[in-house]
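Results of the structural survey
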Amino acid sequence: MRFLAIVILLIMAPLSIADTWRTDPITPMDERYMDNSRKELNDLARIELGRSFGEGRDSDLRLIQTLLDRKLVKGDQTALLQGMGIILGDHLRKEHNLKWVIFTDRVGRSRALEVPFKDEAIFPVTQISSRAAVGAEIDVKAIYERLEGEIIRAKKKIIVR
């Protein structure tokens, strides 16, 4: 009997540590955080460069790249860097009919874009900040195109339940 219990535990153990996750609607507090991030980044761009976000995707991507190239936002300014990711995400959301959600897993809680009718989410908010934190070169357009490729791949995926 003891042997059978051990065998059952060994079989079930991997199932208990399988990645479980869920998505929830974005909260009003998250919306406020995201709005404040956009505003703070836009204020910086207006003050330092005399330009604003909201002129279109390509213009916004170039503006983010300029802020980074001129070192107007440093690697330790996480909120501003994540604001850049939010702006990337806003364009992806509009162009690909996605929605902002809260993605929660065993690691924590993140703002993400959910691909409708798929078990997929992408995480644009941290794409720039994680690279900047370690001093890596950042190609904003390449990041955007890679995320866009992930969305297209996810939309083509057939989900069988």
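Residues numbered from 1 in each chain as written. Predicted model: local features only at pLDDT ≥ 70, side-chain atom pairs only at ≥ 80, totals over all residues. Heavy atoms only, no water.

**Examining the environment of L41**
Just so we agree on the cut-off: Put simply, DSSP H or I for four residues or longer makes a helix, DSSP E for two residues or longer makes a strand, and each gets a number counted from the N terminus. Relative accessibility under 20% of the residue-type maximum defines a buried residue, over 50% an exposed one, and the middle range a partly exposed one, all with a 1.4 Å probe and only protein chains included.
Within the secondary structure, L41 sits in helix α2 (residues 28–49). You can call L41 buried: its relative accessible area is 0%.

**What to know about the layout of surface pockets**
Quick reminder of the rule: Points on a 1 Å grid over protein atoms alone make up a cavity when a 1.4 Å probe fits among them but cannot get out, and a pocket when they form an open set with protein on both sides within 12 Å along at least five of seven lines; lining residues each have an atom within 4 Å of a point. Grid points are joined across faces, edges and corners, and a volume is the space filled by probe spheres set on the points. Asp, Glu, Lys and Arg are counted as charged, while Ala, Val, Leu, Ile, Met, Phe, Trp, Tyr, Cys and Pro are counted as nonpolar; the rest, among them Gly, fall into the polar class.
A volume near 290 Å³ is recorded for the largest pocket. Every residue lining the largest pocket is listed: Q65, L68, D69, K71, V73, K74, G75, A132, G135, A136, E137 and I138. Here the element with the most residues in the lining of the largest pocket is helix α3 (residues 57–69); it accounts for 3 residues. A breakdown of the residues in the lining of the largest pocket according to their chemical character gives 5 nonpolar, 3 polar and 4 charged.

**Regarding the packing of aromatic side chains**
Keep this limit in mind: Stacked, tilted and edge-to-face are the three classes applied to pairs of Phe, Tyr and Trp rings, where Trp contributes its six-membered ring and a pair requires centres within 6.5 Å; stacked means planes under 30 degrees apart, edge-to-face means over 60, and tilted covers the rest.
For the structure shown, the criterion picks out 2 aromatic pairs. Arranged with centres 5.4 Å apart and planes meeting at 20 degrees, the rings of W21 and F103 form a pair that is stacked. Here W21, found in the loop between α1 (2–16) and β1 (22–25), pairs with F103, found in strand β2 (residues 99–104); they are 82 residues apart in sequence, far enough to count as distant. Owing to a relative accessible area of 11%, F103 belongs among the buried residues under this scheme. Residues F103 and F123 carry aromatic rings whose centres are separated by 5.0 Å and whose planes lie at 85 degrees to one another, so their mutual orientation is edge-to-face. You can see F103 sitting in strand β2 and its partner F123 sitting in the loop between β4 (121–122) and α5 (127–133), a full 20 residues away along the chain. A relative accessible area of 27% means that F123 is categorised as partly exposed. Every member of this aromatic cluster is reached through a ring pair, and the members are W21, F103 and F123.

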